[in-house]
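An overview of the molecular structure
Residue-level listing of the chains:
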Amino acid sequence: SAPYIKLTLAIMQQFGVRTDVFLGQSAGEYAALVAGGMLSLDDALWAIYQRACIVSRMNPQQSGKMLGLSADMSAVRAALPGISAQLCFAAENAPGQGIVAGPTAAIEQLSAWALTQGFEARPLPVAHAYHTRMLTMAVPLYRTQLQTLNWQRPSGTVLSSVHGDYYAHDAAPAWMARHLALRYILPLEFMKHVQRLHLDGVRYFLEAGPKWSLTAFTQSILKTQPF
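Given the structure is predicted, the values throughout are model-derived calculations rather than measurements.

The rules behind each value
- Residues numbered from 1 in each chain as written.
- Predicted model: local features only at pLDDT ≥ 70, side-chain atom pairs only at ≥ 80, totals over all residues.
- Heavy atoms only, no water.
- Helix = DSSP H or I, 4+ residues; strand = E, 2+ residues; numbered from the N terminus.
- Rg over C-alpha atoms; globule rule 2.2 N^0.38 Å.
- Buried < 20%, exposed > 50% of the residue type's maximum accessible area, 1.4 Å probe, protein only.
- Contact = heavy atoms within 4.5 Å.
- Areas by Shrake-Rupley, 256 points an atom, 1.4 Å probe, with all protein chains shown as cover.
- Lys, Arg positive; Asp, Glu negative; His and termini not counted.
- Charge placed at Lys NZ, Arg CZ, Asp CG, Glu CD.
- Core = buried A, V, L, I, M, F, W, Y, C linked by side-chain atoms within 4.5 Å.
- Pairing = 2+ DSSP bridges.
- Axes fitted to C-alpha atoms, helices over the stretch in contact; angles between N-to-C directions.
- Phe/Tyr/Trp six-rings, centres within 6.5 Å; stacked < 30°, edge-to-face > 60°.
- Lys NZ or Arg CZ within 6 Å of the ring centre and 35° of its normal.

1. Description of the overall build of the protein
Helix and strand counts for the protein come out as nine helices and six strands. Expected size for 227 residues packed as a compact globule is a radius of gyration near 17 Å; at 18 Å, the protein falls within 12% of this value. For the C-alpha atoms alone, the extent of the protein along its principal axes is close to 50 × 45 × 25 Å. Relative to its 227 residues, the protein shows a buried fraction of 47%. Sequence separation of 24 or more characterises 74% of the internal contacts of the protein that already satisfy a separation of 6 or more. When the accessible surface of the protein is totalled, it reaches about 11,500 Å², and 55% of it is carbon and sulfur. The positive charge centre, built from 17 side chains, and the negative charge centre, built from 13, are 3 Å apart in the protein.

Here's what the structure looks like:
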């Protein structure tokens, strides 16, 4: 996602588009940091590579899975404890759109339950249950790796998906390490972050990447808000 956003930003600049604030979703956090001038593209790619290396060395029995859901999220929340206490929300993307993560067997049970309820369930093409407490053992090692990078003071404003606050230069390595296993703090709350940006005065949202899912999420989140 980082190379896509660099290319998109270059195209935007050619047309005179000025960007005031950046927000990433999941791995898109690295792209937002690149766009905001906090990381070089090389450093961001190295960080993503290191993240993959660290989690790949974990016990495969503890890797877990992630499941995207288009559903009544209150019904999903009510059902989770009865399926497995280890299941948790990893991301809240938009009204009726979320991601649940946890052990593979429990995710398979949740998927089967969702289909009986008429909900759409989509296994995500990832090898681990990111943004959950299942990866907390990797956080200290990843933080050590992130601290070796050349972090810059932001040239643009970047809203972190870890806490929903704007990035400070000295907090970046610790925040991004927690981003790996976020659920022991809170899920990725894209819906709340978009609402925060709107509250702070943002009115134009442009998705920089190869897909359009965040555009659809943002439209759903803000459909009742004044322009």
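2. A look at the nonpolar core
In terms of nonpolar packing, the biggest core is built from 38 residues, with Leu33, Leu39, Leu146, Trp151, Val158, Tyr167 and Met176 touching the most fellow members. Of all the elements in the fold, those that place two or more residues in this core are helix H1 (2–14), helix H2 (28–35), helix H3 (41–56), strand S3 (88–94), strand S4 (97–102), helix H6 (139–146) and helix H7 (172–180). Broken down by element, this core gets its largest block of residues, five residues, from H2. Setting aside anything within four residues of it in sequence, one finds Trp151 in contact with Leu33, Met38, Leu39, Leu146, His169, Ala172, Pro173 and Met176.

3. Things to note about the sheet that holds S3
Spatial strand order, S3-S4-S2-S5: four strands in an open sheet with antiparallel pairing. Sheet topology places S3 and strand S5 (120–123) at the edges, where each strand pairs with a single neighbour. Each adjacent strand pair in this sheet contributes to an overall mean axis angle of 25°, direction not counted. Of the pairings in the sheet, the one linking strand S2 (residues 65–70) to S4 comprises six bridges and is antiparallel in character. Among the inter-strand pairings, Leu69 is bridged to a residue of S4, identified as Gly98. Where helix H4 (residues 73–83) meets the sheet, its contacts fall on S2, S3 and S4, and the angle it forms with S3 comes to roughly 180°. In the packing of helix H5 (residues 104–116) onto the sheet, the strands contacted are S2, S4 and S5, and the crossing angle to S2 comes to about 15°.

4. Overview of the environment of Gln195
With respect to the helices, strands and loops of the structure, Gln195 is situated in helix H8 (residues 190–199). Taking the C-alpha atoms as reference points, Gln195 and Leu222, separated by 27 residues in sequence, lie 7.4 Å from one another.

5. As for the packing of aromatic side chains
When we look at a pair of aromatic rings, we describe it by the centre distance and by the angle of the planes. Per the stated rule, a full pass over the model turns up two aromatic pairs. Between Trp113 and Phe119, the ring centres sit 5.8 Å apart and the planes meet at 65°, which makes this aromatic pair edge-to-face. The ring of Tyr130 carries Arg51 above its face, with NZ or CZ at 4.6 Å from the centroid. Arg77 extends its terminal NZ or CZ atom over the ring of Phe89, reaching a point 4.1 Å from the ring centre.

Any functional reading would require information that these geometric values do not contain.
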